[in-house]
Amino acid sequence: MSMTFHVDIVSAEESIYSGTAHMLVAPAEHGEVGVMPRHSQYISLLKPGEIRVKVSDSGEEHNIFISGGVLEVQPHVVTVLADTAIRARDLDEAEAMEAKQRAEDALANRKADFDYAKAQSELIEAAARLRMIQKLRNSSNKQ
């Protein structure tokens, strides 16, 4: 019998995933982190990117985009508190392209009331969404 652990991924709007997993991979602040059953306790900030939840030995996986948040790992429970979380199948490429363009325009056309950190954060998030969309497109083309 293979070992599993419980995963909860929630955002301010909704619970995105709640169930068992064999492995979880998340974009931690200092690099990608993999979590398996009985992992030692761990907490980390998350940056925009993809969370992969491997739910079975057959390779079934849930892909979720997050815009940032916090990862808490306990030996039998992993919790992701995300600022924004979107299932991969719900990502909108046109919307991500628009967000990227808006952020790039804001960075190029600075004004006195310009919030550089916010524009840069929006650009990083939009770029991460587009990378995930491209990765999913490439993996579906190979199948």
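Rules behind the numbers
Per chain, the residues get numbers from 1 upward, laid out in the order the sequence is written. Confidence filtering applies because this is a predicted model: local features only for residues at pLDDT of at least 70, side-chain atom pairs given and counted only at 80 or more, and all residues used for totals across whole chains, interfaces and linings. Where side-chain values are given, they derive from all heavy atoms of the structure, hydrogens and water being excluded. A run of H or I in DSSP counts as a helix once it spans at least four residues, and a run of E counts as a strand once it spans at least two, with each numbered from the N terminus. Burial here depends on accessible area, computed with a 1.4 Å probe over protein chains only, as a share of the maximum for the residue type. Under 20% is buried, over 50% is exposed, and the range in between is partly exposed. Calculation of accessible area relied on Shrake-Rupley with a 1.4 Å probe; when residues are assessed, cover is drawn exclusively from the protein chains displayed. When a carboxyl oxygen of Asp or Glu is within 4 Å of a side-chain nitrogen of Lys or Arg, the pair counts as a salt bridge. Should any heavy atoms of two residues lie within 4.5 Å, those residues are considered in contact. As used in this record, nonpolar core signifies buried Ala, Val, Leu, Ile, Met, Phe, Trp, Tyr and Cys residues forming a set joined through side-chain atoms within 4.5 Å.

Colleague: Give a description of the overall build of the protein chain that names residues and reports values.
Modeller: Along its length, the protein chain carries two helices and ten strands. Buried residues in the protein chain amount to 38% of all 143 residues. As presented, the protein chain carries roughly 8500 Å² of accessible surface, and 49% of it is formed by carbon and sulfur atoms.

Colleague: So what's going on with the pattern of salt bridges? Residues and values would help.
Modeller: All chains considered together, the criterion is met by one salt bridge. A salt bridge links Arg52 to Glu32; the nearest nitrogen and oxygen atoms lie 3.4 Å apart. One end of the pair, Arg52, is in strand β6 (residues 49-54); the other, Glu32, is in strand β4 (residues 31-35), and 20 residues separate them in sequence.

Colleague: Just give me the short version of the side chain of Ser67, but keep the residues and values in it.
Modeller: Along the chain, the position of Ser67 falls in the loop between β7 (61-66) and β8 (69-73). Beyond its immediate stretch of four places on either side in the chain, Ser67 contacts Pro48, Asp83, Thr84 and Glu125.

Colleague: Tell me about unusual backbone geometry, and name the residues and values.
Modeller: What you tend to see is this: most non-glycine residues have negative phi, and most peptide bonds are trans. The backbone phi angle of Arg38 is positive, close to 65°, even though this residue is not glycine. Residue classification places Arg38 among the exposed residues on the basis of a relative accessible area of 59%.

Colleague: Mind laying out the nonpolar core, listing which residues take part and the relevant values?
Modeller: Side chains of a nonpolar character, in soluble globular proteins, are inclined to be buried together. Membership of the largest hydrophobic core comes to 23 residues, with the highest contact counts inside it found for Ile9, Leu24, Ile51 and Leu71. Once residues lying within four places of it in the same chain are set aside, the contact partners of Ile9 are Ser15, Ile16, Tyr17, Ile51, Val53, Ile64 and Val80.

Colleague: Residues and numbers for the environment of Val73, please.
Modeller: Structurally, Val73 can be placed in strand β8. With a relative accessible area of 0%, Val73 lands in the buried category. With 66 residues separating them in the primary sequence, Val73 and Val7 have C-alpha atoms 9.3 Å apart. Once you skip the residues sitting within four places of it in the chain, Val73 turns out to touch Val35, His39, Ser40, Gln41, Tyr42 and Val78.

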